[in-house]
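Per-entry structural report
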Amino acid sequence: MDIALLGNPNTGKTSMFNNLTGSYEYVGNWSGVTVEKKVGLLKKGTASLIDLPGVYSLNPLSKDEGVVTNFLLHDSFDRMLNIIDASQLERNLHLTIQLLEFGRPLIIALNMVDVASKRGIEIDVDRLASQLGTKVVPVIARSGRGCDELAEFVTTIESPSISSFTVSYGEEMDGAIERLARMLEGKVHHSVRWLTLQLLEGNHYVKAYLQSFIGREELETFIHDTSKAILSNYEEKTIDHFIYHKRQAAIGELLRNSTYTEEEN
Ligand code: GDP
Ligand code: K
Ligand code: MG
């Protein structure tokens, strides 16, 4: 079984990787970049953990960041392990939402719970999990607390359910997703919802991928018409801002229901 480890930079990915795996090897660089590809065997069981570069969003700002989108588009894996920083949930959940939109089994490692607690942030883990529709395991990757339970869950559960959590981007976006699905005529196995959102956000890797199924002009027209339709109905300057703010609103709602911050004085 292949498990992809994904998260923002500095969320404890390396600590987690070292904790979960007994040994690992570098299997060369990711294609096109100088970032080394690290794959480790989990201490118990036979699963492999694939380390991916830390990114804030899938829409790549650099080639290194493009590694993650390319991995999702072209590599095969069984489930995703998304490590998030409990003290920076608002920022971290932007990537989580994009991974959920990808529509594959995903488990969340809620790391840095010690840091969050010191800052007076209380998280109702069950509430967060039920809202996101995923398993959430609190851990402290630096000390290893919770890592055994996490490894156990990630490797033994038969098939983690695919979350039905969705951000509502409005009916224009829903219509666009349906149009792109018709243009693709079932030629791709990826989530069309994910492809549409990544394309409209400006993810060049997704655009290049889609150009192997859809003519360049037809794709440009789709992007142009969809953006125009959405932006004429909302007070946003660009489509990526529109998508970002919809996610931000959904995250705000999630956090209002599952976190509590002690008043500082
Ligand atoms: P990466 O950039 O995502 O690979 O993160 P690292 O594993 O390098 O961790 C970044 C920093 O956070 C390091 O100094 C770690 O020791 C520290 N760290 C990782 N996990 C935890 C944790 O759960 N609690 C605390 N307090 N520190 C952590
Ligand atoms: K780091
Ligand atoms: Mg690291």
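Conventions we followed
- Residues numbered from 1 in each chain as written.
- Chains lettered and ligands numbered in written order.
- Predicted model: local features only at pLDDT ≥ 70, side-chain atom pairs only at ≥ 80, totals over all residues.
- Heavy atoms only, no water.
- Buried < 20%, exposed > 50% of the residue type's maximum accessible area, 1.4 Å probe, protein only.
- Helix = DSSP H or I, 4+ residues; strand = E, 2+ residues; numbered from the N terminus.
- Arc of directions from axis to C-beta.
- Contact = heavy atoms within 4.5 Å.
- Pairing = 2+ DSSP bridges.
- Axes fitted to C-alpha atoms, helices over the stretch in contact; angles between N-to-C directions.

In the nomenclature of an unreviewed UniProt entry, the protein corresponds to Ferrous iron transport protein B from the organism Robertmurraya siralis.

A separate point is helix α6 (residues 147-156). If you check which residues of α6 are buried, you get Cys147, Leu150, Ala151, Phe153 and Val154. For α6, the angular spread of the buried residues around the axis is 165 degrees, confining them to a single face. Those residues of α6 that are buried are in contact with β1 (2-7), α1 (13-20), β3 (36-42), β5 (79-85), β6 (106-111) and β8 (135-138).

Attention now moves to the sheet that holds β1. Read from one edge to the other, the open sheet built from seven strands follows the order β2-β3-β4-β1-β5-β6-β8, with strand pairing classed as mixed. Each edge of the sheet is formed by a strand with only one pairing partner; in this case those strands are β2 (21-29) and β8. Taken over all neighbouring pairs, the strand axes of this sheet differ in orientation by 25 degrees on average, direction set aside. For β3 and strand β4 (residues 48-51), the ladder comprises four bridges, and the chain directions are antiparallel. For Val39, the partnering residue across the bridge sits in β4 and is Ile50.

Moving on, we get to the pairing of β2. Note that β2 and β3 share six bridges and pair antiparallel. The residue of β3 that forms the bridge with Asn29 is Glu36. Hairpin remark: β2 followed by β3, antiparallel, with six residues in the connecting loop; positive phi at Gly32, about 80 degrees.

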